[in-house]
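This is what each chain is made of:
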Amino acid sequence: MSNSKSLNNSKLWFERVMAILAAINLCLVLFNLSYISWRDRYLQYVPRIVIAYDPVKGIESHRETEKYLNTIDELKNQVSKTGLQSPQVETQLAELRRLSAEMIVNNPFAAANKSGTLEKIKNKMRAHMNEESAKKAFAIFWTQEYLAQNGWTNEFMFFNQQIRPLIATNYYRRIGENGEYIDYFWLIDLPFVCIFAVELLIRSYYIKRRYPSFSWLNAILWRWYDLFLLLPFWRWLRTITVIIRLDQAQILNLQPIRQEIHLGIVSNFAEEITEIVVVRVINQVQGSIRRGELVSWFLQKENLRPYIDINNVNEVEAIAAILVQTIVYQVLPKIQPELVAILQHNLEGALNNSPVYRNLQNLPGVTKIQTQLSEQLATQITTNLYNALVTTVEDPVSAKLSSQLVQRFSEALGEQIQQKHVLLELQSLLVDFLEEVKLNYVRRLSQEDFNKILEQTRQLRSVRSGTREVG
């Protein structure tokens, strides 16, 4: 017992380790998929991530925007050396005016799908300079007169806080010979894929040993969800694998979610399925009636279609025999007092309706004698009838005669039913009746409150689970 428990614990810990490894891989996959859209935030709050991960995505600084920012740094250094009004500063300001115009015209942000960032830069500069033209706003901003009049320090601080971070988000992403963006994430993903591939092969080997009739393909498909861990594309599908593995490793409990999903599917399709099933059954019965199969079954005839018998027993006769014996030996003895009372009441009613007896009631003691006589007569009649039934059941001759009577009755009934007008009328009435059932009751059945049914199902499951725990 302890060896088995130890083995189960080891297996559980292995499942947990592999589930956590798959979860780590999924986190890397999701980070890689979201890196481009979240790069601006990483650059603002955690720039080290950008420095480390840009090479993986083939991202480099854009030449134009990098040159623009470098020129601003040179301008700052030059102002600190020679002052704002020096010729060297004027030369660099002229260069910035030219570069600003080129940035607006050439839109170096378009290659990175960041044209919206350029629009933000233009809007901020228009609002700051109170100009309608972004080109004119930049041209005025990068002049000695404007910077001296409004304060070099304040204007430079505005640019560094409002404009420079937006320009710094621009980048250039290299394209490979296949025409796609370079992405070296597969090198990070490869060790995980190798581990999961070896694991899948080992698991498939043990599955094939456990089920020798399985092919290798069947063994691999037994854990179909693990195949998502090996795909070099659609890596987001690994979410399915990770969720299943975390549940199997008992790190997450997804049983309530699974139950809700199953019940949700049932509630969505139950109404349609109910209609389809019931209507299909009714249609099949209607078809059998139209083809005469129902009448053929009832009469045990094989002239319309061969009847398939699986045990060489006439089930109708066997059921009838069981019912007759149950009624005669068990039911009738128990209800005999009630039968006597009913028969006595009817006899008294018949006597009371007789004019002769009404005249005799005036004589003393006649009423008492009538009650005793009715009771004795009812008891005798009931007893005689019961004995006759028992004799009929137990006496072979009576049983044979009864069987012949039933057989002859069935034959006579069949002959009359098989008359064309009777048969057609019965079939027509039965088909119309089933059609009315379909129209009046199937819709009501399908519209039944399935939420109540699902709630009852939930309660039954909770009762069963509670019973197992107690047991």
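Above this text sits the structure in question.
Residues numbered from 1 in each chain as written. Predicted model: local features only at pLDDT ≥ 70, side-chain atom pairs only at ≥ 80, totals over all residues. Heavy atoms only, no water.

**Concerning the overall build of the protein chain**
Then step 1. Secondary structure assignment for the protein chain yields 19 helices and two strands.
Then step 2. Counting every position in the protein chain, which comprises 471 residues, the buried fraction comes to 28%.
Then step 3. Counting contacts in the protein chain only where the partners sit at least 6 residues apart, residues at least 24 apart contribute 62% of the total.
Then step 4. Total accessible area on the protein chain is roughly 31,800 Å²; 60% of this is exposed by carbon and sulfur atoms. (Helix = DSSP H or I, 4+ residues; strand = E, 2+ residues; numbered from the N terminus. Buried < 20%, exposed > 50% of the residue type's maximum accessible area, 1.4 Å probe, protein only. Contact = heavy atoms within 4.5 Å. Areas by Shrake-Rupley, 256 points an atom, 1.4 Å probe, with all protein chains shown as cover.)

**Here we look at the nonpolar core**
Then step 1. In this structure, Tyr 68, Met 125, Trp 142 and Phe 159 are the most contacted members of the largest nonpolar core, which totals 31 residues.
Then step 2. Taken together, the elements giving at least two residues each to this core come down to helix H3 (63–82), helix H4 (87–106), helix H5 (115–129), helix H6 (134–141), helix H7 (144–150) and helix H8 (152–168).
Then step 3. If sequence neighbours within four positions are ignored, Trp 142 has contacts with Tyr 68, Ile 72, Leu 75, Leu 93, Leu 96, Arg 97, Ser 100 and Phe 159. (Core = buried A, V, L, I, M, F, W, Y, C linked by side-chain atoms within 4.5 Å.)

**Things to note about the packing of aromatic side chains**
Then step 1. All chains considered together, the criterion is met by 19 aromatic pairs.
Then step 2. Consider the rings of Phe 214 and Trp 222, whose centres lie 5.6 Å apart with planes at 50°: the pair is tilted.
Then step 3. Through a chain of ring-to-ring contacts, the aromatic side chains of Tyr 68, Phe 141, Trp 142, Tyr 146, Phe 158 and Phe 159 assemble into a single cluster. (Phe/Tyr/Trp six-rings, centres within 6.5 Å; stacked < 30°, edge-to-face > 60°.)

**Observations concerning the side chain of Thr 241**
Then step 1. With respect to the helices, strands and loops of the structure, Thr 241 is situated in helix H11 (residues 238–248).
Then step 2. Aside from chain neighbours lying at most four places away, what touches Thr 241 is Tyr 225, Asp 226, Phe 228 and Leu 229.

All quantities given are derived from atomic positions and should not be read as evidence of function.
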